[in-house]
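Summary of the model geometry
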Amino acid sequence: MKFDTPAAANPIDQLKVVGKATDRIDGPLKTTGTAPYAYERHDVVANQAYGFILGSAIAKGRITRMDVAAAKAAPGVVAVVTAENAGTLGKGKWNTAALLGGPDIQHYHQAIALVVAETFEQARDAAGLIKVDYQAEAGAFDLAAARDGATVAKGEPDSTVGDFNGAFATAPMRLDATYTTPDQGHAMMEPHATIATWNGDKLTLWTANQMINWGVKDVSQTLNIPQENIRLISPYIGGGFGGKLFVRSDALMAALGARIAGRPVRVALTRPLMFNNTTHRPATIQRIRIGATREGKITAIGHESWSGDLPGGKPETAVQQTRLLYAGANRLTAMRLAVLDLPEGNAMRAPGEAPGLMALEVAMDEMAEKLGMDPIKFRILNDTQEDPEKPGRPFSQRQLIACLQQGAERFGWSKRNPKPASVREGRWLVGMGVAAGFRNNLVTKSAARVRLDAQGMVTVETDMTDIGTGTYTIIAQTAAETMGVPLEKVAVRLGDSSFPVSCGSGGQWGANNATAGVYAACMKLRQAVAGKLGFNAAEPHFADGHVSSGGHTVSLAQAAKDGDLVAEDLIEYGDLDKKYQQSTFAGHFVEVAVDSATGEIRLRRMLAVCAAGRILNPKSARSQVIGAMTMGAGAALMEELAVDKRRGFFVNHDLAGYEVPVHADIPHQDVVFLDEVDPISSPMKAKGVGELGICGVGAAVANAIYNATGVRVRDYPITLDKVLDHLPEVT
Amino acid sequence: MRPFTYERATSPADAAAKAASIPGARFIAGGTNLLDLMKLQIETPAHLIDVNGLGLDKIEDTPDGGLRVGALVRNTDLAADMRVRQHYGVLSRALVAGASGQLRNVATTAGNLLQRTRCPYFYDPNQPCNKRQPGSGCSAIGGVSRQLGIVGTSEACIATHPSDMAVAMRVLDATVETVRPGGAMRRIPIADLHRLPGDSPHVETTLERGELITAVTLPKPVGGAQIYHKVRDRASYAFALVSVAAIVHPDGTGRVALGGVAPKPWRVEAAEAHMKQGAKVVTAGLLADARPTDDNRFKVRLAERTLAAVLAEARG
């Protein structure tokens, strides 16, 4: 199905199933512990051995000698894989560093060996017996120190409109501030894990991967085997946040281990390995300059960002929202990329926007204060309904003002005292903050296959993944709505490369595109049903498990009585995303209390008012947003991969050291979705929310802390030591 | 994890004797720290002696009006005991400030005292660490040290003792009871249980090889406002940046110990003489010998401000 004109009325608009708050259809599997995650697939193939990955002990340099004799001789050991016996390996498109290092070492904890043994404990013990001699080299591990040597990244040119420098220099009101965000880890619950088995030259991987088709391609490229010989199966994923977009060392080493051991091998990354062996959100240094009239109209807006990555890597695109969020005739955004020898950076929930808005939306708060304006009014004054870099290119929907205004009303913004450090409740300093949330809606093709059987059951198959977001359920809702059957008559099968290629899960593009692909396939199945039943005249009506046309009604199952009816189709897009800017918006509101003695910062209330197209399942959408808000609170207050700048690694590489919010940190969250349908986005008229929820939260927290204490912290995370010296005497 | 043998001890004396005679033997009770360390091969015991069945799980009144807390009393049970809550409030509060509910359900009194540091360099076997591998050097010095110690540390080690419970026990003047490998009992003031690192940070306590903690006794209640204030980056389930255990009497006198700043619960009795003069003076005494790093210099001010808040709270 080609989608190149705005969606007209269609079966989804019935909203009998879609749009209803719906429990997850996979919920019982999750709550009873019977959803099969990759490492738990004991059933899928016999004789599985355990692999344990040894990570590099240095950040940069070479292995000069590696002695695996003791490991090979250890009890239960079946095989040891290193670069020496792994064969010639390629590198996947989505990997920056090699997944198997040696003799060259590119980063700390880069995999250098896999020990395969009869038990996990034997493999782990034997891995400790491998003797490795290294020749360490000096590396670059400090972004601030590497900043001056940073260059323009390939494919990421500066964007300029008008004369930023001139307009900024002459603006009556100016802000020029620099912000930093640290490296962050995904820290999902389920570690990267894979079971691999070879049948001749055919490889099957039960794994945890958000993007099945990318995975097939990158496994093919890395192992130098044809894509058709690879099957990836990933039906349940225990959190990804971007950390499982790519094939990682668990999958490669399991495949190599299985090949060398001649039997199936399972590998999970240990928690201490996850932070340095895999990807992370790179740290940024961001300079923001805003020039405005005394009345608060932005005349110049500039956003520059510095980040680092391994050679061949990419910048954290922290300036991209600044190109679109506010009006202003003179504009500049620029990114510079430094070479760092830390583990490779890559996508983490709302890559670019999340750290970018942590800076931009504090800058907006600072500028509003300079102007003596309410920060909501300042944002509204500078709202734009068209792409500020391409006048005449409208937003498909843009309800930022409504998000902010309704949020203000619900949150009690009028009770905020604009004078910082002026509200005290006992020992607590109390403040409120606001920030805009903004994340683009990305459209990308997505396919599905649907099957109708003689029992009237509709089965959907697509390689789409559910990373804990609720994909199973919205796909079932889409099929139920389109085919006119109750939810219980839909079965959904996901995450298998033998199914049609979907958009996958990432960039909050999954919900809209995957369901649109299922919708396309269902519309094709409707045609097949109509044909089979001889309903050739008017468009038949599908409802309540029946099909009606011209006064004639038969059960849907009837159409499959002679055999299953199968239809496959994909949604593919024209140029509506060129003609219109498609984005999602939010107003984030936060109230914090800061201990006036210790500087401990505790959230009291959070509210997100979101405008993100049609909300397919308000229940799982809300869960997505509150989860993202929680992650945003973590980014604001505690999350930081602490870099040892001498030794070049993230030191706090476990969940005791890398703190993420616990229940006690998040007392009360509200989420409101504004009514919105976006016929420009897809036949579903939906967009995504999973990343919108994090975008802006950190800044809202920072702004609330400023309002509470009068301390403007521009370096995240905002820990108590950064406010302590500015707090009042303890009395 | 290295292969190990395992047995259940039949009596405290039996456990101590075996721990002394079997090479590489370690006691295991709750295992909340030991098992993690074994998975990382930081601890590689050849033999585990399980002391859970020894009946050391009771809280009993002592003849002098105090309490005798068995070594195997779980943190949850100790925190919830009505006698503890009424008369040793600082201990109950410290316990519930520690770890998580699940961990407290399993963690024992003696195990809590003997848990090892959470210094991240200690936890990464690739990094030099004098505590893990004597003589290899301290990679925390000059590294990421925001959580680490500011006082009582040495050129060889700047790790902290992570316990909350022990800080409260220190301020309560608890006594540790042990049985030695020969079967003799010993009473160790809690102040003397943990060693400062000096040039041998791998030797963490004054216990002999094989010596088993059987109980911790608390003297008769001393009254006063008993406060435990733990400061941390997140609201729960995090180790202290700084914690203050304090007992403050209506006349303004009292006692104070700090957690999160030193290799042991940090108390300087001489500094307490100045309690009436306020937090600044007391903290100056407590931390007179502090040698913080750039990363954790804030702990000095934080300790003072937290103590000031505690004293204000005690005044009501």
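In case you missed it, the structure is sitting above this.
Described below are features of the structure shown in this document. (Residues numbered from 1 in each chain as written. Chains lettered and ligands numbered in written order. Predicted model: local features only at pLDDT ≥ 70, side-chain atom pairs only at ≥ 80, totals over all residues. Heavy atoms only, no water.)

**Description of the overall build of chain B**
When its secondary structure is counted, chain B shows 11 helices and 11 strands. Computed over C-alpha atoms, the radius of gyration of chain B comes to 19 Å, within 12% of the 20 Å expected from 2.2 N^0.38 for 316 residues, which places it in the range of a compact globule. Viewed in the frame of its principal axes, chain B has a C-alpha envelope of about 55 × 50 × 30 Å. Entry remark: accessible area of chain B is about 12200 Å², with carbon and sulfur atoms responsible for 52%. Taking the 38 positively charged and 30 negatively charged side chains of chain B as two groups, their mean positions are separated by 3 Å. (Helix = DSSP H or I, 4+ residues; strand = E, 2+ residues; numbered from the N terminus. Rg over C-alpha atoms; globule rule 2.2 N^0.38 Å. Areas by Shrake-Rupley, 256 points an atom, 1.4 Å probe, with all protein chains shown as cover. Lys, Arg positive; Asp, Glu negative; His and termini not counted. Charge placed at Lys NZ, Arg CZ, Asp CG, Glu CD.)

**Some remarks on a positive patch on the surface**
Residue and element names in this part refer to chain A. Together, Lys93, Lys217, Lys314 and Lys445 make up a positively charged patch on the protein surface. Checked against the element boundaries, Lys93 lands in the loop between strand 4 (77-82) and strand 5 (104-105). Classification of Lys93 by relative accessible area gives exposed; the value is 60%. (Patch = residues over 30% accessible without salt bridge, like charges linked within 9 Å, V, L, I, M, F, W, Y side chains within 5 Å. Salt bridge = Lys/Arg side-chain N within 4 Å of Asp/Glu carboxyl O. Buried < 20%, exposed > 50% of the residue type's maximum accessible area, 1.4 Å probe, protein only.)

**Here we look at the packing of helix 12 (residues 471-483) of chain A against helix 13 (residues 510-533) of chain A**
Residue and element names in this part refer to chain A. Running from N to C, helix 12 and helix 13 point in directions that differ by 30 degrees, and their axes come no closer than 9 Å. Classified by the angle between their axes, helix 12 and helix 13 sit roughly parallel to one another. Where helix 12 crosses over helix 13, the two elements pack in a sense that is right-handed. Facing helix 12, whose interface residues are Ile474, Ile475, Thr478, Ala479, Thr482 and Met483, helix 13 presents Ala511, Ala514, Thr515, Val518, Tyr519, Cys522, Met523, Leu525, Arg526 and Val529. (Axes fitted to C-alpha atoms, helices over the stretch in contact; angles between N-to-C directions. Parallel < 35°, antiparallel > 145°, perpendicular 65-115°, else oblique. Left-handed = near helix turned anticlockwise from the far one by under 90°. Contact = heavy atoms within 4.5 Å.)

**Brief notes about the layout of surface pockets**
Unoccupied space between atoms shows up once a probe the size of one water molecule is rolled over them. Residue and element names in this part refer to chain B. Empty space within the second largest pocket amounts to approximately 480 Å³. As for the second largest pocket, its lining consists of 23 residues, and the residues nearest its centre are Gly278, Ala279, Ala308, Leu311 and Arg315. Looking at the lining of the second largest pocket, the elements with two or more residues in it are helix 10 (279-286) and helix 11 (298-315). The element best represented in the lining of the second largest pocket is helix 11, accounting for eight residues. Split into classes, the residues belonging to the lining of the second largest pocket amount to 10 nonpolar, five polar and eight charged. (1 Å grid on protein atoms, 1.4 Å probe; cavity = no way out; pocket = protein on both sides within 12 Å on 5 of 7 lines; lining within 4 Å. Points joined across faces, edges and corners; volume = space filled by probe spheres on them. Nonpolar A, V, L, I, M, F, W, Y, C, P; charged D, E, K, R; others polar.)

**Examining helix 7 (residues 249-261) of chain A**
The periodicity of an α-helix, 3.6 residues per turn, causes residues three or four places apart in sequence to face the same way. Residues and elements named next belong to chain A. If you check helix 7, its first and last C-alpha atoms are 17 Å apart, about what 13 residues at 1.5 Å a residue would give, namely 18 Å. Most of helix 7 sits out of view: 11 of its 13 residues are buried. Where helix 7 is concerned, the buried positions are Ser249, Asp250, Ala251, Leu252, Met253, Ala254, Ala255, Leu256, Gly257, Ala258 and Ala261. Remark: Gly262 follows helix 7 within two positions and exhibits a positive phi of approximately 70 degrees. (Expected span 1.5 Å × (residues − 1).)

**Section: unusual backbone geometry**
Residue and element names in this part refer to chain A. The linkage connecting Gly102 with the following residue, Pro103, adopts the cis geometry, with an omega of -5 degrees. Within the secondary structure, Pro103 is located in the loop between strand 4 and strand 5. The omega torsion across Tyr716 and Pro717 is -5 degrees, close enough to zero to call that bond cis. Phi at His109 is positive, roughly 60 degrees, even though this residue is not glycine. Turning to its location among the elements, His109 is positioned in the loop between strand 5 and strand 6 (111-117). Judged by its relative accessible area of 7%, His109 falls in the buried class. Not every positive phi belongs to a glycine, and Ala187 is a case in point at roughly 50 degrees. What makes Ala187 buried here is its relative accessible area of 18%.

**As for the packing of aromatic side chains**
Residues and elements named next belong to chain A. Enumeration over the complete set of coordinates arrives at 17 aromatic pairs over all chains. Consider the rings of Phe3 and Tyr573, whose centres lie 6.1 Å apart with planes at 80 degrees: the pair is edge-to-face. Taken together, the positions of Phe3 in strand 1 (residues 2-3) and Tyr573 in strand 25 (residues 565-573) put the pair 570 residues apart, joining distant regions of the chain. For Phe3, a relative accessible area of 5% gives the class buried. Members of the aromatic cluster, each reached through a chain of ring pairs, are Trp94, Trp214, Phe246 and Trp509. Across from the ring centre of Phe168, 5.9 Å away, lies the NZ or CZ of Arg174, which sits over that ring. One residue, Arg398, lies across the ring of Phe395, its end atom 4.8 Å from the ring centre. (Phe/Tyr/Trp six-rings, centres within 6.5 Å; stacked < 30°, edge-to-face > 60°. Lys NZ or Arg CZ within 6 Å of the ring centre and 35° of its normal.)

**Examining the sheet that holds strand 7 (residues 131-136) of chain A**
Hydrogen bonds between backbone atoms are what pair the strands of a sheet, whose relative direction is either parallel or antiparallel. All names here are of chain A. The strand order across the open sheet formed by three strands is 5-3-7, and the pairing between neighbours is antiparallel. Since the sheet does not close on itself, it has two edges, and those belong to strand 5 and strand 7, each with one partner. As defined by bridge partners, strand 3 (residues 61-67) adjoins strand 5 across two bridges and the pair is classed as antiparallel. Within strand 5, the position partnered with Gly61 by the bridge is Ile105. (Pairing = 2+ DSSP bridges.)

**Describing the sheet that holds strand 4 (residues 59-61) of chain B**
All names here are of chain B. Pairing is antiparallel in the open sheet, where five strands are placed in the order 4-5-8-6-7. This sheet does not close on itself; its edge strands, each paired only once, are strand 4 and strand 7 (185-189). Pairwise comparison of adjacent strand axes, ignoring direction, gives a mean angle of 25 degrees for this sheet. Taken together, the three bridges between strand 4 and strand 5 (residues 67-70) define a ladder with antiparallel strand orientation. Residue pairing across strands places Glu60 opposite Arg68, the latter belonging to strand 5. Sitting on the sheet, helix 1 (residues 12-21) touches strand 6 (175-179) and strand 8 (212-218), and the angle it makes with strand 8 is about 130 degrees.

**Some remarks on the nonpolar core**
By size, the foremost hydrophobic cluster in this structure holds 119 residues, and its most contacted members are A:Ile290, A:Leu325, A:Val592, A:Leu603 and A:Val701. Looking at this core element by element, the count peaks at 11 residues for helix 9 (residues 353-371) of chain A. Setting aside residues no more than four positions away along its own chain, A:Val701 makes contact with A:Val590, A:Val592, A:Leu603, A:Ala636 and A:Leu637. In terms of nonpolar packing, the next biggest core, distinct from the first, is built from 70 residues, A:Met188, A:Trp198, A:Leu342 and B:Phe122 among them. (Core = buried A, V, L, I, M, F, W, Y, C linked by side-chain atoms within 4.5 Å.)

**A word on empty space enclosed by the protein**
Applying the stated rule across the entire model yields eight cavities of 30 Å³ or more. For the largest cavity, the calculated volume is near 90 Å³. In terms of lining, the largest cavity is formed by 16 residues, of which the most central are B:Cys119, B:Cys129, B:Cys138, B:Ala140 and B:Cys157. The residue makeup of the lining of the largest cavity, split by class, is 11 nonpolar, four polar and one charged. The space that makes up the second largest cavity amounts to roughly 80 Å³. The wall of the second largest cavity is formed by A:Gly185, A:His186, A:Ala187, A:Met188, A:His192, A:Arg271, A:Met274, A:Phe275, A:Thr278, A:Thr279, A:His280 and A:Leu641. Among the residues forming the lining of the second largest cavity, the class breakdown is five nonpolar, six polar and one charged.

**Topic: the interface of chain A and chain B**
The interface of chain A with chain B comprises 42 residues on the first partner and 41 residues on the second. For the pairing of chain A and chain B, the buried interface totals around 3200 Å² over both sides, and the portion due to carbon and sulfur atoms is 52%. Counting across the interface, chain A meets chain B through four salt bridges. The salt bridge involving A:Asp721 is made with B:Arg146; its shortest N-O contact spans 2.8 Å. Put simply, chain A and chain B have 19 residue pairs in polar contact (both at pLDDT 80 or more) between them. Those elements that place two or more of their residues in the side of chain A that touches chain B are helix 3 (120-127) and strand 28 (643-644) of chain A. Looking at the side of chain A that touches chain B element by element, the count peaks at three residues for helix 3 of chain A. Among the residues forming the side of chain A that touches chain B, the class breakdown is 19 nonpolar, eight polar and 15 charged. (Buried area = accessible area lost by both parts, 1.4 Å probe. Polar contact = N/O pair within 3.5 Å; in protein donor to acceptor, adjacent residues only side chain to side chain.)

**Observations concerning the pattern of salt bridges**
Tallied over the entire structure, the rule returns 71 salt bridges over all chains. Put simply, A:Asp383 and A:Arg398 hold a salt bridge, and the shortest N to O gap is 2.7 Å. One end of the pair, A:Asp383, is in the loop between helix 10 (375-381) and helix 11 (400-411); the other, A:Arg398, is in the loop between helix 10 and helix 11, with 15 residues separating them in the sequence. Both residues of the pair, A:Asp383 and A:Arg398, count as buried. With its nearest N and O atoms 3.4 Å apart, the salt bridge here joins B:Glu304 to B:Lys280. In this pair, B:Glu304 sits in helix 11 while B:Lys280 sits in helix 10, placing the two residues 24 residues apart along the sequence. Here the salt bridges share partners, and the residues they tie into one network are A:Arg449, A:Arg451, A:Glu461, A:Arg493, A:Asp564 and A:Glu568.

Any functional reading would require information that these geometric values do not contain.
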